[in-house]
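Descriptive structure summary
Letter by letter, the chains look like this.
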Amino acid sequence: MAGPLDVRTGRHCVFVLHAHLVFVTKLRHRVFTDQHLTRLEEIMRAVCADFECDLVEFNGEGEHVHLLVNFPPKVALSKLVNSLKGVSSRRIRQEFPDLVPHYHQTNRLWSASYFAGSLDGAPLTDLRQYIEQQNKPT
């Protein structure tokens, strides 16, 4: 159940919208280290801020990342996902030349598919704990 601090307001609405997003690398290549994931989190926080969203939780492993996003109703989740994946792929490629060999065949960091789940049934604290417990590579 959402707490009172999770409730957000817009000009004509009051809302609590959270989405659990999972992005997987192309061909599930294990390419991320802790340094990559830290930078990905910074990039994705900035993209979320541009969409007036809040990145509540972020974590990942070598071949995927989990995001818990609080977003307003005016944001189309598919557009947010497209921007998150596109901007992060471009910036990570520029900043980490060691990942370029992964791009050589597919020219993409992320798989075209993604998971998006609403949090209507799951308690927010349970999902946050699940994301925090991902085995982050060293």
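As the structure is a computational prediction, the values presented were derived from the model and not from experiment.

As for the overall build of the protein
- Helix and strand counts for the protein stand at 4 helices and 6 strands.
- For the protein, the α and β elements follow one another from N to C terminus as β-β-β-α-β-β-α-α-β-α.
- Whereas a compact globule of 138 residues would reach a radius of gyration of roughly 14 Å, the protein reaches 15 Å, a difference of no more than 12%.
- For the protein, the C-alpha atoms occupy an extent of roughly 45 × 30 × 20 Å along the three principal directions.
- A burial count over the protein gives 44% of its 138 residues as buried.
- Considering only intrachain contacts with a sequence separation of at least 6, the fraction spanning at least 24 residues in the protein is 72%.
- Accessible surface computed for the protein: about 7,900 Å², of which carbon and sulfur atoms make up 50%.
- Of the charged side chains in the protein, 16 are positive and 15 negative, and the gap between their average positions amounts to 9 Å.

Remarks on the sheet that holds strand E6 (residues 110-118)
- Spatial ordering of the open sheet is given by E4-E5-E3-E6, a layout of 4 strands whose pairing is antiparallel. The open sheet is flanked by strand E4 (54-60) and E6, the only strands paired with a single partner. Sheet twist, expressed as the mean angle between neighbouring strand axes with direction ignored, is 20°.
- Both strand E3 (residues 18-25) and E6 contribute to a ladder of 6 bridges, which runs antiparallel. Across the sheet, the residue bridging to Val 22 is Phe 115, located in E6.
- Each of E3, strand E5 (64-70) and E6 is contacted by helix H2 (residues 77-95), which is oriented at about 140° to E6, the strand it contacts most.

Here we look at the packing of helix H1 (residues 34-50) against H2
- One way to put it is that H1 packs onto H2 with a least axis distance of 9 Å and a crossing angle of 135°. When the interaxial angle is binned, H1 and H2 end up oblique. Crossing of H1 against H2: the hand is right-handed. Along the contact surface, H1 presents His 36, Arg 39, Leu 40, Ile 43, Met 44, Val 47 and Cys 48, while H2 presents Ser 83, Leu 84, Val 87, Ser 88, Arg 91, Ile 92 and Glu 95.
- For the contact of H1 with H2, a count of residues per class yields 8 nonpolar, 3 polar and 3 charged.

Calculation criteria
Position numbers for residues count from 1 along each chain, tracking the sequence in the order it is written. In view of the model being predicted, local features appear only for residues whose pLDDT reaches at least 70, and side-chain atom pairs are presented and counted only at 80 or more, with totals across whole chains, interfaces and linings using the full set of residues. With hydrogens and water excluded, all non-hydrogen atoms of the structure serve as input to the side-chain values. A run of H or I in DSSP counts as a helix once it spans at least four residues, and a run of E counts as a strand once it spans at least two, with each numbered from the N terminus. Radius of gyration: C-alpha atoms only; globule rule: 2.2 Å multiplied by the number of residues to the exponent 0.38. Burial classes: relative accessible area under 20% of the type maximum marks a residue as buried, over 50% as exposed, and values in between as partly exposed (1.4 Å probe, protein chains only). We call two residues in contact when some of their heavy atoms are within 4.5 Å. Note on areas: these come from Shrake-Rupley sampling with a 1.4 Å probe, and a residue is covered only by the protein chains present in the view. For this count, His and the chain ends are skipped, Lys and Arg are scored as positive, and Asp and Glu as negative. Taken as the charge location is NZ of Lys, CZ of Arg, CG of Asp or CD of Glu. Two strands pair if DSSP finds at least two bridges between them. Here the axes come from fitting lines to C-alpha atoms, over the contacting stretch only for helices, and the angles between their N-to-C directions go from 0 to 180 degrees. For classification purposes, angles smaller than 35 degrees are called roughly parallel, those larger than 145 roughly antiparallel, those between 65 and 115 roughly perpendicular, and all remaining angles oblique. Handedness of a helix crossing follows the sense of rotation of the near helix relative to the far helix, less than a right angle counterclockwise being left-handed and clockwise being right-handed. Any residue outside Ala, Val, Leu, Ile, Met, Phe, Trp, Tyr, Cys, Pro, Asp, Glu, Lys and Arg is labelled polar, Gly included; the first ten of those are nonpolar and the last four are charged.

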